[in-house]
Structure formats: structure tokens, C-alpha cells
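What the coordinates show
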Amino acid sequence: MGGVGADELRAAIRNVPDFPKPGIQFKDITPVLGNARLFAGAVELLAAPHEGARIDAVAGIDARGFIFAAAAAQRLHTAFIPIRKKGKLPHTTFEERYQLEYGEATIALHVDALAPGARVLLLDDLLATGGTAAAAAALLRRIGAQMVEVGFLVELGFLNGRQKLAGLPIRSILTY
Ligand code: AMP
């Protein structure tokens, strides 16, 4: 696992043109997940800077964010919180609606997922227009959580998603 760098991850990510819609170039991370060394390396790059810091939970965004957030939570010996698509969480939720690069969606968080003041690392696989992450950050704010960092494996810099996350500490492992 040692020594996986951003360039190696970039080389493994598959660019799929016109998926799921014409004009969208989809960044397929399954080749990273399918390689034990690269998967562990990606989790390490996302989690390692927080080792030793107080992180009460790692929150992941449905669905690919879960993969990295759950692994990072284990790596940091802390809890995992799922931010799910509307209608999936069984208990009382807060909801946020937002625009996607390709569509519209609503995400939800259990109202009691975290104690107020909890220090959270929010992770997703990819930052595109920033709508998803901004909605997730809004949910975490509503339950009183404090975002230590919003982390992404991939950032599509040309979409300026960071603008929607103004004021939050953002870190991405690789940028296109
Ligand atoms: P956005 O809200 O526009 O930042 O979109 C981010 C969410 O949509 C993430 O959860 C990504 O998994 C997914 N996504 C958006 N654009 C792409 C893309 N070009 N390739 C892969 N996933 C994407």
C-alpha cells in the first residue's frame, strides 16, 4: 500500500465519455477499487492527514462516497455516518434538495446521527458542480456538526464546485 500517489490513481481512473448522458465524461473509479493496493492507497491519502486529530465521525455521501468514508472511518478508528438518497433512511431525517451535474436529487441524514459540536470529516468520491457536497454540508450543519474537512478523491476543477463550498476546508487528491 505504501507510496501510492495521485498520479498512479489518475492513471487507473477510467474516463467514460457520454455516461450517463451525452456530454458528461464519467470518472470511473472501479479500477481503483479493484486493485487492493490502489484502494488502500486512496483511503490512506484521504484519511492519513487526520490521524491523531479528533474526528468524531466520517460522513460519506451515497453511494460511492460510502466506500471511501467507511474505509477511512475504520482507518481513523472512528464512526461512519451515511448521508443517503431520500427515502432510504428509516428514522426521522433532515432533507436537502440540490442540482446535480446531470439531474436533481434529495439527500437525507438522520436527525440524531451526530451530537451537536461533533467534528466530522465529510468524504465523497468526486467533486463536480459541488451541489451534492454543499447539500451534505448543509445537512451536517443542521445537526450542529463541525466539518473538519470536505475531502474528495477526484475534483473536476473546471466546474468550480469549490464555489458552492465556500468557507469549508476542501481537499482533493487529484484534480482534472
Ligand atoms: P456534483 O453535485 O455536481 O458535485 O456531483 C457530484 C456527485 O455526482 C458525486 O457524488 C459523484 O459521484 C457524481 N458525479 C458527478 N459528476 C461525475 C463524473 N463526471 N464522473 C463520476 N461521478 C460524477
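As the structure is a computational prediction, the values presented were derived from the model and not from experiment.

A count of helical and extended segments in the protein chain gives 5 helices and 9 strands. Ordered by position in the sequence, the α and β elements of the protein chain form the string α-β-β-α-α-β-α-β-β-β-β-α-β-β. Expected size for 176 residues packed as a compact globule is a radius of gyration near 16 Å; at 15 Å, the protein chain falls within 12% of this value. When its C-alpha atoms are laid out on the principal axes, the protein chain stretches across 40 × 40 × 30 Å. Across the 176 residues that make up the protein chain, the buried fraction comes to 47%. The long-range share in the protein chain, meaning contacts at least 24 apart out of those at least 6 apart in sequence, stands at 60%. About 8,200 Å² of surface is accessible on the protein chain, with carbon and sulfur atoms providing 53% of the total.

Counting residues in each nonpolar core, the largest one holds 29 residues, and the members touching the most others are Ile-83, Leu-114, Leu-122, Leu-140 and Leu-165. Elements with a contribution of two residues or more to this core: strand 3 (57-61), strand 4 (79-85), strand 6 (103-110), strand 7 (119-127), helix 5 (131-142) and strand 8 (146-155). Tallying contributions element by element places helix 5 first for this core, with 7 residues. Leave out the neighbours within four places in its chain, and Ile-83 touches Ala-59, Gly-60, Ile-61, Asp-62, Phe-66, Ile-107, Ala-108, Leu-109, Leu-122, Ala-136, Leu-139 and Leu-140.

Once that is clear, we can look at the packing of helix 3 (residues 36-47) against helix 4 (residues 64-75). Packed helices, taken two at a time, are described by the angle between their axes plus the distance between the axes. For the pair helix 3 and helix 4, the least separation of the axes is 9 Å and the interaxial angle reads 70 degrees. The pairing of helix 3 with helix 4 is recorded here as roughly perpendicular in orientation. Crossing angle aside, the handedness with which helix 3 passes helix 4 is right-handed. Here Phe-39, Ala-42, Val-43, Glu-44, Leu-46 and Ala-47 of helix 3 come into contact with helix 4, specifically with Ile-67, Phe-68, Ala-71, Ala-72 and Arg-75. Considered class by class, the residues forming the contact of helix 3 with helix 4 number 9 nonpolar, no polar and 2 charged.

Here we take up unusual backbone geometry. In most cases, non-glycine residues show a negative phi, while peptide bonds are predominantly trans. Omega for the bond connecting Phe-19 with Pro-20 falls within 30 degrees of zero, at -5 degrees, which places this linkage in the cis form. Phi at Asp-18 takes a positive value of approximately 60 degrees, unusual for a residue other than glycine. With respect to the helices, strands and loops of the structure, Asp-18 is situated in the loop between strand 1 (14-17) and strand 2 (25-28). Phi angles above zero are rare outside glycine, and Asn-160 is one such case at about 55 degrees. With respect to the secondary-structure elements, Asn-160 resides in the loop between strand 8 and strand 9 (170-175). In this structure Asn-160 comes out as partly exposed when scored by relative accessible area, which is 44%.

Glancing now at helix 5. Between its first and last C-alpha, helix 5 extends 16 Å over 12 residues, near the 16 Å set by a 1.5 Å rise per residue. In terms of burial, helix 5 is a largely internal element, 10 of the 12 residues being buried. Those residues of helix 5 that sit buried are Gly-131, Thr-132, Ala-133, Ala-134, Ala-135, Ala-136, Ala-137, Ala-138, Leu-139 and Leu-140. For helix 5, the secondary structure elements touched by its buried residues are strand 3, strand 4, strand 5 (93-100), strand 6, strand 7 and strand 8. Two residues or fewer after helix 5 comes Gly-144, characterised by a positive phi angle close to 85 degrees.

Looking now at the pattern of salt bridges. If you walk through the whole model with that rule in mind, you get 12 salt bridges. Residue Glu-51 is joined to Arg-75 by a salt bridge in which the shortest nitrogen-to-oxygen separation is 3.1 Å. Of this pair, Glu-51 sits in the loop between helix 3 and strand 3 while Arg-75 sits in helix 4, and the two are 24 residues apart along the sequence. For Glu-51, a relative accessible area of 53% gives the class exposed. A salt bridge links Glu-104 to Arg-97; its shortest N-O distance comes to 2.8 Å.

Criteria and thresholds
Residues numbered from 1 in each chain as written. Predicted model: local features only at pLDDT ≥ 70, side-chain atom pairs only at ≥ 80, totals over all residues. Heavy atoms only, no water. Helix = DSSP H or I, 4+ residues; strand = E, 2+ residues; numbered from the N terminus. Rg over C-alpha atoms; globule rule 2.2 N^0.38 Å. Buried < 20%, exposed > 50% of the residue type's maximum accessible area, 1.4 Å probe, protein only. Contact = heavy atoms within 4.5 Å. Areas by Shrake-Rupley, 256 points an atom, 1.4 Å probe, with all protein chains shown as cover. Core = buried A, V, L, I, M, F, W, Y, C linked by side-chain atoms within 4.5 Å. Axes fitted to C-alpha atoms, helices over the stretch in contact; angles between N-to-C directions. Parallel < 35°, antiparallel > 145°, perpendicular 65-115°, else oblique. Left-handed = near helix turned anticlockwise from the far one by under 90°. Nonpolar A, V, L, I, M, F, W, Y, C, P; charged D, E, K, R; others polar. Expected span 1.5 Å × (residues − 1). Salt bridge = Lys/Arg side-chain N within 4 Å of Asp/Glu carboxyl O.

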